[in-house]
Number of protein chains: 2
Amino acid sequence: MSDRPSIPQPSLRRLPLYYRLVSLNHDKKLAYTSSRDLGLTANVPAARVRKDLSYLGERGRPGVGYDTELLMQRLETFLGLINDKEAVLVGVGNLGRALALYPGFARYGLKIAGLFDIDPAKIGQMVGTLKIMDQSRLPDLVRRWRIQMGIIAVPAQAAQGVAEKLIRSGISVIWNFAPVTLVVPPYVLVKDEDLAVDLATLSHQIVERDQAR
Amino acid sequence: MSDRPSIPQPSLRRLPLYYRLVSLNHDKKLAYTSSRDLGLTANVPAARVRKDLSYLGERGRPGVGYDTELLMQRLETFLGLINDKEAVLVGVGNLGRALALYPGFARYGLKIAGLFDIDPAKIGQMVGTLKIMDQSRLPDLVRRWRIQMGIIAVPAQAAQGVAEKLIRSGISVIWNFAPVTLVVPPYVLVKDEDLAVDLATLSHQIVERDQAR
DNA sequence: CTATGATTGTGCCAGAATGCACAAAGGGAG
DNA sequence: CTCCCTTTGTGCATTCTGGCACAATCATAG
């Protein structure tokens, strides 16, 4: 059925970088954006940009570039940024708090609809415009508001338990900031985010670079 | 000159995940760790794990697995985790605060040695054991302590300026949390960390999955 | 000492991703 | 209208990455 050639993973990861520049150019009221400029912000050759964008079906104008407005809309649609994604955030520690208050998410269609923690001292506190609630109220709120995404920002030991609770409540997308591999049913989409993993690869690159002298 | 077969990028990104399980098994006093188990935590087939580990030169014992202690040390060396990395963090907003207080970094050899901000109201405040300092004191501290890494957690508009200041002070590794592409000299190593980029790819995956029904 | 079961190391092939080069298309000057 | 400059779209060859299968190796039981 879906015989359209699905986009390669590496291309998909570059699209958000293109989106950054396109939004910027849109704000600057630049009518066109060239593949060369897009390549500069994503650190890839211009030909790669064009090939990536060809997966979207969007066509640029030779001699001019891509229509900024059109391309922005196309990226927003393709990346699903125009779809509202409501989420609950579990674990309001330092990281959880930062996520809850991060202003950039709104532009990407993410709206955090509820904060949960297990620490009685935190229940009732306000973070921005949201009040921290006890986890016992989570299932009810998720079902009532038909929330599809859960953000896990609890310590590693608690993460699997939270994931199971989220899934039992009907959530099928998890953005996981705990440094563990979650075990979930196949229909659940999990995106892991582990700063330590990136730190480790950076660390290796430092070693490699310094050895090269 | 350096004709050693450098490790493929995808393999490098998996190593920290292996390291997670190996550390765990080490704590559990398990003498050996199998490629099968490593594959489960990284979501890859066991054969891939073995090939990845072969880049390290480490050999497992057929019929048994990899020596947990040895493999852990090997990964720590290869990833450079045993090398202390001192860093200054610029921009103590919500994210910067969370990074400064993140407990997991120590295990990866990262030590944050100084916090800086430009907001007069924040100067002098304590975050954990560190006092927030004015950016004017940054160059001196970086030079005196021979700090090599800078962590940028300021708003997008300020990031390029901060990067230049860090580089002028002698820093050659930047962990960038601002959603911009920094322009830096070639000898400077930059690792970008953009939650919105990952959110966007997750968002696309949601669209794709939901369309598949 | 032998047989058995488990696990590693790796060669080979298929598939994915990349880089290059060039034809095609649009814009603008004269 | 024609020439020239700029930028896109993409076919092709190359390189990189992944999966599979199987021989080689080691531990253990009898």
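The rules behind each value
Residues numbered from 1 in each chain as written. Chains lettered and ligands numbered in written order. Predicted model: local features only at pLDDT ≥ 70, side-chain atom pairs only at ≥ 80, totals over all residues. Heavy atoms only, no water. Helix = DSSP H or I, 4+ residues; strand = E, 2+ residues; numbered from the N terminus. Contact = heavy atoms within 4.5 Å. Areas by Shrake-Rupley, 256 points an atom, 1.4 Å probe, with all protein chains shown as cover. Lys, Arg positive; Asp, Glu negative; His and termini not counted. Charge placed at Lys NZ, Arg CZ, Asp CG, Glu CD. Near = heavy atom within 4 Å. Polar contact = N/O pair within 3.5 Å; in protein donor to acceptor, adjacent residues only side chain to side chain. Nonpolar A, V, L, I, M, F, W, Y, C, P; charged D, E, K, R; others polar. Domains from an automatic or database assignment. Buried < 20%, exposed > 50% of the residue type's maximum accessible area, 1.4 Å probe, protein only. Buried area = accessible area lost by both parts, 1.4 Å probe. Salt bridge = Lys/Arg side-chain N within 4 Å of Asp/Glu carboxyl O. Phe/Tyr/Trp six-rings, centres within 6.5 Å; stacked < 30°, edge-to-face > 60°. Pairing = 2+ DSSP bridges. Least-squares fit on C-alpha atoms with pLDDT ≥ 70 in both. Axes fitted to C-alpha atoms, helices over the stretch in contact; angles between N-to-C directions. Parallel < 35°, antiparallel > 145°, perpendicular 65-115°, else oblique. Expected span 1.5 Å × (residues − 1).

Engineer: When you look at the overall build of chain A in this model, what are you seeing that I'm missing?
Structural biologist: In terms of regular secondary structure, chain A is built from 8 helices and 9 strands. The long-range fraction of contacts in chain A, counting pairs at least 24 apart against all pairs at least 6 apart in sequence, stands at 57%. Working note: accessible area of chain A is about 10600 Å², and carbon and sulfur atoms make up 54% of it. Distance between charge centres in chain A, computed from 28 positive and 21 negative side chains, equals 3 Å.

Engineer: I tried to follow the protein's contact with DNA strand D on my own but got confused; where do I start?
Structural biologist: The environment of DNA strand D is made up of 24 residues, and the closest members are A:Ser35, A:Gly60, A:Tyr66, B:Lys51 and B:Arg61. Of what DNA strand D places within 4 Å of the protein, 63% of the atoms are sugar or phosphate. One of the backbone N or O atoms of A:Gly60 is found 2.6 Å from a phosphate oxygen in DNA strand D. Within the side chain of A:Tyr66, an N or O atom sits 2.4 Å from a phosphate oxygen of DNA strand D. Counting residues per element, the ones that place at least two in the surface near DNA strand D are helix H3 (46-54) of chain A together with helix H1 (9-27) and helix H3 (46-54) of chain B. A per-class count over the surface near DNA strand D returns 9 nonpolar, 6 polar and 9 charged.

Engineer: What is the right way to look at the domain arrangement of chain A in this model?
Structural biologist: Frequently, the measure chosen for interface size is the accessible area removed from exposure when the parts meet. For chain A, the domain assignment lists domain 1 (9-79) and domain 2 (85-197). Computed from C-alpha atoms alone, the centre-to-centre distance between domain 1 of chain A and domain 2 of chain A is 32 Å.

Engineer: Explain the environment of A:Thr129 here, please?
Structural biologist: Residue and element names in this part refer to chain A. Within the secondary structure, threonine 129 is located in the loop between strand S5 (126-127) and strand S6 (130-134). When its relative accessible area of 74% is taken as the criterion, threonine 129 is described as exposed. For the pair threonine 129 and valine 92, spaced 37 residues apart in sequence, the C-alpha to C-alpha distance is 14 Å.

Engineer: Hey, could you run me through the interface of chain A and chain B in this one?
Structural biologist: Contact residues are listed per partner, giving 58 residues for chain A and 58 residues for chain B. Contact between chain A and chain B buries roughly 5300 Å² in total, counting both sides, with carbon and sulfur atoms accounting for 64%. Taken together, chain A and chain B are joined by 4 salt bridges. A:Asp198 is the partner of B:Lys191 in a salt bridge, and the nearest nitrogen-oxygen pair spans 3.9 Å. Mapped onto the side of chain A that touches chain B, the elements with two or more residues apiece are helix H1 (9-27), helix H2 (35-42), helix H4 (68-79), helix H5 (94-101), strand S8 (173-176), strand S9 (189-192) and helix H8 (195-211) of chain A. At 17 residues, the largest contribution of residues to the side of chain A that touches chain B is made by H8(A). Along the lines of polarity and charge, the residues of the side of chain A that touches chain B split into 32 nonpolar, 15 polar and 11 charged.

Engineer: Would you explain the protein's contact with DNA strand C in this entry?
Structural biologist: Near DNA strand C there are 23 residues, and of these A:Lys51, A:Arg61, B:Ser35, B:Gly60 and B:Tyr66 occur at the shortest range. Each atom of DNA strand C within 4 Å of the protein was assigned to sugar, phosphate or base; sugar and phosphate come to 67%. A distance of 2.4 Å separates a phosphate oxygen of DNA strand C from a polar atom in the side chain of B:Tyr66. Those elements that place two or more of their residues in the surface near DNA strand C are H1 and H3 of chain A together with H3 of chain B. Taken together, the residues of the surface near DNA strand C break down into 9 nonpolar, 6 polar and 8 charged.

Engineer: Looking at this structure, I do not really get the packing of aromatic side chains. What am I missing?
Structural biologist: In this description, an aromatic ring pair is defined by two values, namely the gap between the centres and the angle between the planes. Residue and element names in this part refer to chain A. Scanning the entire structure with this criterion turns up 8 aromatic pairs over all chains. Between tryptophan 175 and phenylalanine 177 the ring centres are 5.0 Å apart and the planes differ by 55 degrees, which places this aromatic pair in the tilted class. On the basis of relative accessibility, which here comes to 0%, the residue tryptophan 175 falls in the buried class. Joined through ring pairs, the aromatic side chains of Tyr102, Phe105, Trp175 and Phe177 make up one cluster.

Engineer: In this structure, what is going on with the pairing of strand S4 (residues 110-117) of chain B? I would like to understand it.
Structural biologist: Put simply, side chains in a regular strand alternate between the two faces of the sheet. All names here are of chain B. Within S4, 6 of the 8 residues are buried, leaving the element largely enclosed by the surrounding structure. Examined bridge by bridge, strand S3 (residues 85-90) and S4 share 6 bridges and lie parallel to one another. Across the sheet, glutamate 86 pairs through a bridge with lysine 111, a residue of S4.

Engineer: Teacher, can you tell me more about the relation of the copies chain A and chain B here?
Structural biologist: A rotation about an axis combined with a shift along that same axis relates the two copies of the chain. For the pair chain A and chain B, the superposition axis carries a translation of 0.0 Å, the fit reaches an RMSD of 0.1 Å, and the rotation angle comes to 180 degrees. What the superposition gives is, in effect, a two-fold axis relating one chain to the other.

Engineer: Could you clarify how one ought to interpret the packing of H1(B) against H3(B) in this entry?
Structural biologist: Two numbers describe a pair of packed helices, the interaxial angle and the distance between the axes. Residue and element names in this part refer to chain B. For the pair H1 and H3, interaxial distance at closest approach is 10 Å and the crossing angle is 105 degrees. The orientation of H1 relative to H3 falls into the category roughly perpendicular. Between H1 and H3, the contacting residues are Ser11, Arg14, Leu15 and Tyr18 on the first element and Arg48, Val49, Asp52 and Leu53 on the second. Per-class residue counts for the contact of H1 with H3 are 4 nonpolar, 1 polar and 3 charged.

Engineer: Just to check I follow, could you spell out helix H8 (residues 195-211) of chain B for this structure?
Structural biologist: Two residues of an α-helix separated by three or four positions point the same way, owing to the 3.6 residues in each turn. Between the first and last C-alpha of H8(B) there are 24 Å, a value that for 17 residues agrees with the 24 Å anticipated at 1.5 Å per step. In this structure B:Asp194 caps H8(B), since a side-chain oxygen of it lies 2.9 Å from the backbone nitrogen of B:Ala196.

Engineer: Just to check I follow, could you spell out the sheet that holds S3(B) for this structure?
Structural biologist: Each strand in a sheet pairs with another by means of backbone hydrogen bonds, the pair being arranged parallel or else antiparallel. Residue and element names in this part refer to chain B. One open sheet holds the 7 strands; their spatial order is S5-S6-S4-S3-S7-S8-S9, and the pairing between them is mixed. The two strands at the open ends of the sheet, each matched to only one other strand, are strand S5 (126-127) and strand S9 (189-192). Note: S4 against strand S6 (residues 130-134), 3 bridges, orientation parallel. Residue pairing across strands places phenylalanine 116 opposite methionine 133, the latter belonging to S6.

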